[in-house]
Amino acid sequence: MSNTPSQEAQELTAMLKRRGFIQPAYELYGGTAGFYDYGPLGQALKRRFEDLWREHYVIQEGFGEVSTPTIAPEPVFQASGHLDQFDDVLVECPGCRTGTRADHMLEDEFQRLAHELENNIQTLTEDAETDEDVQALIWARERIMQTLDEGRATVETEADEDTIRELLAIPTQNQQAPITGVEETHSHLDLTLLPCAYQITDTRHDDIILAGEITCQQCGHGLPREATVAPFNLMFATRIGPGDSDPGYLRPETAQGLFVNMPWLYRYHREKIPFGAVQIGRAYRNEISPRQGLIRLREFWQAEAEVFVDPNDKTHPRFDAIKTTNVPLVPADNDPLETTLETAVEKGIIKNQQVAYYIARTQQILTQAGIHPDRLRFRQHESDEMAHYASDCWDAEFQSQRYGWVECVGIADRGCYDLEKHQKESNDSMEAFRRYDEPQTQRVTRIEPDMGTLGPTFKKDAGTIAEKLKNLDPETIPNDEPLTLTLNNETIEIPPDAYEIIDEEQTVHGETFLPHVIEPSYGIDRILYAILEHAWKPSEDRNRLQLPPRMAPIQVGILPLVSKDGLPKKAQTIETTLKQHGIHTRYDDGGSIGRRYARLDEIGTPLAITIDHQTLEDDTVTVRDRDTQNQTRTPTNDLPTKLLPILNGQATFNDL
RNA sequence: GCGGCCGUGGUCUAAUUGGUAGGACUAGGGCCUUCCAAGCCCUCGGCCCGGGUUCAAAUCCCGGCGGCCGCACCA
């Protein structure tokens, strides 16, 4: 969807650099793709967005904000799946040196083979001489088509192997031919067609062996039977401490820092579900070929929230407040539509209220930040596009004049994926407790081994036997006969005094469960680009950055009309007052007044106050509105109380 | 990662067939100036990096880095 950058977009890029918003990093040394610097204005803009985000998630939602390290030891990503699944497997063609993703290549190859086999069988069926052959081919065809999707095909037929090979035109002398692993079992042949022919042996840190007869799609060069293909993991690797013993990685998302702290955060939130935790920070992905400025970076900023919810209850307590919100949706398997969130959840387009709620939240934040509502939509991931952890996922996408629709927020129902993996990897509980409304009593029958007897009798096997006993169903314990167990292929007899059957009443107050996680994840850099592009209003006589006032890096310009007659001094006094109220000002007495207004318009400063000779007489100044260029006169003393509401977005210039 | 095009002050751009860089805008200083990029004077600032060919390279050749476009990729 990339176009040649328009004149407008190029001018925006130039302005962003000239005025100190952003520029490619390390230009001094030739630049490094995928890294950007935020200058004074860009950083200020980013802070304003972060503060807006915090206002929604930390203040209004009440989620605790944390800050965790950007480097994590290997087990974290072993658990999260990033080490195994967060990579692309690349095959390099020795002919044209094109790198292709191995899994994509195999997929294409299976498709091609499917068609070829289909055709072969079609013609061969017509030529088949005996009914048996025809029957065999029909079976073969059905099974092949049925199972080809899985990358393997099993053919059951009464015809012998040679007939099949011949009829399918498969050379027998070639060990790597699509039919391998032929086994004769009773009256049918089990032909395992594809997995041996095109086998990816993924041993992770070793090379991957690709066997088979595949030609490069780019140049037609045959790939060698055992082309080595390397997994390209998108994480930056490093070493923690000296030596190679302790590998670490720069985090590819801030989320893991929240997951690993789930028990801590659960206690902080006084063991109540649902609760949320958030983090704003840097994340790293070693992209193969980053381009498109802020859109694809190797080091970027995320603002992520993890909301831990009860899997049995994904309603949202404040859903009523947002249910009539209209949102433009692009569902995975339906036409785009605009509907209320209530309808979308009722119709099952959005899976649950929790996801819907954060879609609404996201819409609020992004539009408040200055993304145009008509150029914002929510698109559902196709099932094959979904990350390895997600069960439902919606992307907020903004429409860029330059890059087309670009995702900038992902709202995913990650289920219990992450917590389960970390629980397993760490052997620590990630569970929460669900208290019943009424404690429940239940009769429990269980077997209690008597170690005092088992120990001396069975010595070192006692522990294993005790485990086995506990796992027996008490119902199956014979009453009269001795109890027997199989241990190490031996049958042993357990005397009745070595265990006790306990039948008791237990009171249960609740149960533990793994919470599910709803994750709204914001890509800050992309959002900032969206804000800038949507706010950019170039024209022949003046360029204007129409930022919402609360996003503006510089809030108020302070301009003495002329730099004499004591006007600069008066202006600086006023500026000091405004600064004391926390207003970010910029004093400028250089050049004509028009030039100075233009400079402020270009960086999105919403208000400018001008100190003129009348100020010296009656202590009033003019306040100028960036968007309309209108001016109104205001007493100096009223400035802080009048300007602050405008800058916070609670009032407009017309309220002055 | 592949292919095509490209790389001159902060930005845009000029420099016959090789002869060591000129302009505009911006910015800084000054003059002038009573409200929207006015004018005048002065100033700062450049050949992406490294190698090669040559008496001499912004220019030709090779490599690297970066950019744009296409392909590919994008949990």
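Within any chain, residue numbers begin from 1 and follow the written order of that chain's sequence. Whichever chain is written first is A, and whichever ligand is written first is 1; the rest continue in order. Local features in this predicted model are restricted to residues whose pLDDT is 70 or higher, and side-chain atom pairs enter the listing and the counts only when it is 80 or higher, whereas totals over whole chains, interfaces and linings include all residues. With hydrogens and water set aside, each side-chain value is computed from the structure's full complement of heavy atoms.

Describing the sheet that holds strand S4 (residues 71–73)
Part 1: What makes two strands pair is DSSP finding at least two bridges between them. The way it works is that DSSP assigns letters per residue, a run of H or I at least four long becomes a helix, a run of E at least two long becomes a strand, and they are numbered from the N terminus. Strands sit in the order S4-S14-S13 across an open sheet of three strands; the sheet is antiparallel. Each having just a single partner strand, S4 and strand S13 (237–239) make up the two edges of the open sheet. Direction aside, neighbouring strands of the sheet carry axes that sit 40 degrees apart on average.
Part 2: Here three bridges tie S13 to strand S14 (residues 247–250), and the two strands are oriented antiparallel to one another. Among the inter-strand pairings, Thr238 is bridged to a residue of S14, identified as Gly248. With axes taken as lines fitted to C-alpha atoms, and helix axes fitted only over the stretch in contact, angles between N-to-C directions fall between 0 and 180 degrees.

A look at the nonpolar core
Side chains that are nonpolar tend, in soluble globular proteins, to be buried together.
Part 1: Among the buried residues, those of types Ala, Val, Leu, Ile, Met, Phe, Trp, Tyr and Cys that are joined through side-chain atoms within 4.5 Å form a nonpolar core. Only protein chains enter the calculation, and the probe is 1.4 Å; a residue is then buried if its accessible area is under 20% of its type maximum, exposed if over 50%, and partly exposed in between. In terms of nonpolar packing, the biggest core is built from 70 residues, with Phe49, Trp53 and Ile350 touching the most fellow members.
Part 2: Among the elements that make up this core, the one with the highest residue count is helix H13 (residues 353–369) (nine residues).
Part 3: Shared between two domains, this core holds at least three residues of each, these being domain 1 (7–77 + 243–418) and domain 4 (542–655).
Part 4: Residues within four places of Phe49 in sequence aside, it is in contact with Ile365, Ala369, Tyr522, Ile524, Ile527, Leu528, Ile531 and Met551.
Part 5: The next biggest cluster of nonpolar side chains, apart from the first, holds 18 residues, and it includes Ile574, Leu578, Ile646 and Phe653. What fixes the domain bounds is an automatic or database domain assignment. We call two residues in contact when some of their heavy atoms are within 4.5 Å.

Brief notes about the pattern of salt bridges
Part 1: Whenever a carboxyl oxygen of Asp or Glu lies within 4 Å of a side-chain nitrogen of Lys or Arg, that contact is scored as a salt bridge. What the rule picks out here adds up to 29 salt bridges.
Part 2: Put simply, Arg414 and Asp418 hold a salt bridge, and the shortest N to O gap is 2.8 Å.
Part 3: A residue is classified by how much of its surface remains accessible, and Arg414, at 1% relative accessible area, is buried.
Part 4: What makes Asp418 buried here is its relative accessible area of 1%.
Part 5: A salt bridge links Glu511 to Arg434; the shortest N-O distance between them is 3.3 Å. One end of the pair, Glu511, is in strand S25 (residues 499–513); the other, Arg434, is in strand S22 (residues 432–449), with 77 residues separating them in the sequence.
Part 6: Residue classification places Glu511 among the partly exposed residues on the basis of a relative accessible area of 32%.

Things to note about the packing of aromatic side chains
Where two aromatic rings form a pair, the distance of their centres and the angle of their planes describe that pair.
Part 1: Geometry of aromatic contacts follows a simple scheme: Phe, Tyr and Trp rings, the Trp one being its six-membered ring, pair when their centres are within 6.5 Å, and the pair is stacked under 30 degrees between planes, edge-to-face over 60, tilted otherwise. Scanning the model with the defined rule gives twelve aromatic pairs in all.
Part 2: Residues Tyr357 and Tyr358 carry aromatic rings whose centres are separated by 5.0 Å and whose planes lie at 85 degrees to one another, so their mutual orientation is edge-to-face.
Part 3: With relative accessibility at 4%, the residue Tyr357 sits in the buried group.
Part 4: Sitting over the face of the ring of Trp301, Lys46 holds its NZ or CZ atom 3.6 Å from the ring centroid.
Part 5: Over the aromatic face of Phe513 sits the side chain of Arg434, whose NZ or CZ is 4.2 Å from the ring centroid. The rule is short: NZ of Lys or CZ of Arg within 6 Å of the ring centre and within 35 degrees of the ring normal puts a charge over the ring.

Section: unusual backbone geometry
Part 1: The omega torsion across Ile273 and Pro274 is 0 degrees, close enough to zero to call that bond cis.
Part 2: By the element assignment, Pro274 lies in the loop between helix H10 (262–268) and strand S15 (275–284).
Part 3: Residue Glu271 is not a glycine yet carries a positive backbone phi of 55 degrees.
Part 4: Counting through the fold element by element, Glu271 comes out in the loop between H10 and S15.

Digging into the side chain of Thr615
Part 1: On the secondary structure map, Thr615 appears in helix H20 (residues 613–618).
Part 2: A polar side-chain atom of Thr615 sits 3.0 Å from the main-chain amide nitrogen of Asp612.
Part 3: Among the polar contacts listed, one links the side chain of Thr615 to the backbone oxygen of Thr620, at a separation of 2.8 Å.
Part 4: When neighbours within four sequence positions are excluded, Thr615 is seen to be in contact with Lys570, Thr610, Thr620 and Val621. Pairs of N or O atoms within 3.5 Å make up the polar contacts considered here, provided that, within protein, one atom can donate a hydrogen while the other can accept it, and that residues adjacent in sequence are counted only when both atoms are side-chain atoms.

Re the side chain of Lys46
Part 1: By the secondary structure assignment, Lys46 is in helix H2 (residues 40–60).
Part 2: For Lys46, a relative accessible area of 2% gives the class buried.
Part 3: Not counting residues within four places of it along the chain, the set of residues in contact with Lys46 comprises Tyr38, Trp301, Ile524 and Leu528.

With respect to the pairing of strand S29 (residues 556–560)
Part 1: The element S29 is largely enclosed, with a buried count of five among its five residues.
Part 2: In the sheet, S29 pairs with strand S30 (residues 585–587) via three bridges, with the strands oriented parallel. Opposite Gly557, over in S30, you have Arg586 as the bridge partner.
Part 3: We call a crossover right-handed when, viewed with the strands running away from us, the connection from the first strand over the helix to the second turns clockwise. Taking the sense of rotation as the criterion, the β-α-β connection linking S29, helix H18 (residues 567–580) and S30 turns out right-handed.
Part 4: Direction of pairing for S29 relative to strand S31 (residues 607–611): parallel, over a ladder of five bridges. When the bridges of S31 are listed, Val556 appears paired with Leu607.

Looking at helix H21 (residues 639–647)
Part 1: For H21, every residue scored as buried is listed here: Leu639, Pro640, Leu643, Ile646 and Leu647. Mapping the buried residues of H21 onto a view down its axis gives an arc of 135 degrees, with all of them on the same face.
Part 2: Summarising the contacts, the buried residues of H21 are in contact with S29, H18, S31, strand S32 (620–625) and strand S33 (631–635).
Part 3: Just beyond H21, the residue with positive phi is Gly649, at close to 85 degrees. Directions from the helix axis toward the C-beta atoms define the arc.

With respect to the environment of Gln380
Part 1: Here Gln380 shows up in strand S19 (residues 376–380).
Part 2: In sequence terms Gln380 and Trp394 are 14 residues apart; their C-alpha atoms lie 4.3 Å from each other.
Part 3: Apart from the residues lying within four places of it in its own chain, the contact partners of Gln380 are Val330, Pro331, Ala332, Ile349, Asp392, Cys393 and Trp394.
Part 4: One polar contact links the side chain of Gln380 to the main-chain amide nitrogen of Ala332, over a distance of 3.0 Å.
Part 5: Of the polar contacts made by the side chain of Gln380, one reaches the side chain of Asp392; its length is 2.9 Å.

Some remarks on the sheet that holds S30
Working definition: the strands of a sheet are paired by backbone hydrogen bonds and lie parallel or antiparallel to each other.
Part 1: Spatial strand order, S30-S29-S31-S32-S33: five strands in an open sheet with mixed pairing. Two strands close off the open sheet at either side, each with one partner strand: S30 and S33. Going across the sheet, the axis of each strand differs from the next one's by a mean of 25 degrees, ignoring polarity.
Part 2: Along the sheet, H21 makes contact with S29, S31, S32 and S33, crossing S31 at roughly 155 degrees.

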